[in-house]
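Each chain, written out:
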Amino acid sequence: MRWSELGGSSPPTTRTPTFALAYATADVPLHSLTFAPETLVVGCTSSGGVFTPRGYLRGAHALFFDEADGVDVGVAGMPTTAENAREFAAEAARQIATQLGRAPDTLLLHGT
């Protein structure tokens, strides 16, 4: 796993990430962020900042994972309302378990 400030001066890696967990403050033009075509990217925007190893910062940041990290990822997304969020979150968890072929060790839920 490797953290990077996107568009910053993070050291390059020789391995292509299979997964990126990306976060950016709302002032970042998201269309300017680029990733390798084979990298699955999941993320969210934040109005205030992003928690990073260097503190709570503005800008765009990501955790990159590659095959050596042994991280399996499943993704599900769906629109919800306050009234059906619990039901839809449970459905998303079921979809991810199906994708992984097992119950996930960790679920990351973004409510925006």
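A brief structural summary. Note that the structure is a prediction, hence the values are computed from the model and not measured. (Residues numbered from 1 in each chain as written. Predicted model: local features only at pLDDT ≥ 70, side-chain atom pairs only at ≥ 80, totals over all residues. Heavy atoms only, no water.)

Let's talk about the sheet that holds strand S1 (residues 2–5)
Then step 1. The strand order across the open sheet built from four strands is S1-S6-S2-S3, with neighbouring strands paired in mixed fashion. In this open sheet, the two strands that pair with only one neighbour each are S1 and strand S3 (40–46). Direction aside, neighbouring strands of the sheet carry axes that sit 15° apart on average.
Then step 2. Direction of pairing for strand S2 (residues 19–25) relative to S3: parallel, over a ladder of seven bridges. Bridge assignment links Thr25 to a residue of S3, and that residue is Ser46. (Pairing = 2+ DSSP bridges. Helix = DSSP H or I, 4+ residues; strand = E, 2+ residues; numbered from the N terminus. Axes fitted to C-alpha atoms, helices over the stretch in contact; angles between N-to-C directions.)

Overview of the nonpolar core
Then step 1. In this structure, Leu6, Ala20, Ala22, Ala24, Val28, Ala60, Ala62 and Phe64 together form the largest nonpolar core, which totals eight residues.
Then step 2. When contributions to this core are tallied by element, the ones reaching two or more residues are S2 and strand S6 (60–65).
Then step 3. Not counting residues within four places of it along the chain, the set of residues in contact with Ala20 comprises Phe35, Thr39, Leu40, Val41, Val42, Leu63 and Phe64. (Core = buried A, V, L, I, M, F, W, Y, C linked by side-chain atoms within 4.5 Å. Buried < 20%, exposed > 50% of the residue type's maximum accessible area, 1.4 Å probe, protein only. Contact = heavy atoms within 4.5 Å.)

Some words on the layout of surface pockets
Then step 1. Computed from the structure, the largest pocket encloses a volume of approximately 1,000 Å³.
Then step 2. Surrounding the largest pocket, 35 residues form its lining, Gly74, Ile96, Leu107, Leu108 and Leu109 being those nearest its centre. (1 Å grid on protein atoms, 1.4 Å probe; cavity = no way out; pocket = protein on both sides within 12 Å on 5 of 7 lines; lining within 4 Å. Points joined across faces, edges and corners; volume = space filled by probe spheres on them.)

Concerning helix H1 (residues 85–100)
Then step 1. Given a rise of 1.5 Å per residue, 16 residues ought to cover 22 Å, and the 22 Å separating the end C-alpha atoms of H1 matches this to within 8%.
Then step 2. Phi turns positive, to about 80°, at Gly101, one or two residues after H1. (Expected span 1.5 Å × (residues − 1).)

Here we look at the pattern of salt bridges
Then step 1. Here the structure, examined in full by the defined rule, presents five salt bridges.
Then step 2. Here Asp66 makes a salt bridge to Arg15, at a shortest N to O gap of 2.4 Å. With Asp66 in the loop between S6 and H1 and Arg15 in the loop between S1 and S2, this residue pair connects regions lying 51 residues apart in the sequence.
Then step 3. Between Arg102 and Asp105 there is a salt bridge, with its nearest N and O atoms 3.9 Å apart.
Then step 4. Residue class for Arg102 comes out partly exposed when judged on its relative accessible area of 34%.
Then step 5. Because the salt bridges share partners, they merge into one network encompassing Asp72, Arg102 and Asp105. (Salt bridge = Lys/Arg side-chain N within 4 Å of Asp/Glu carboxyl O.)

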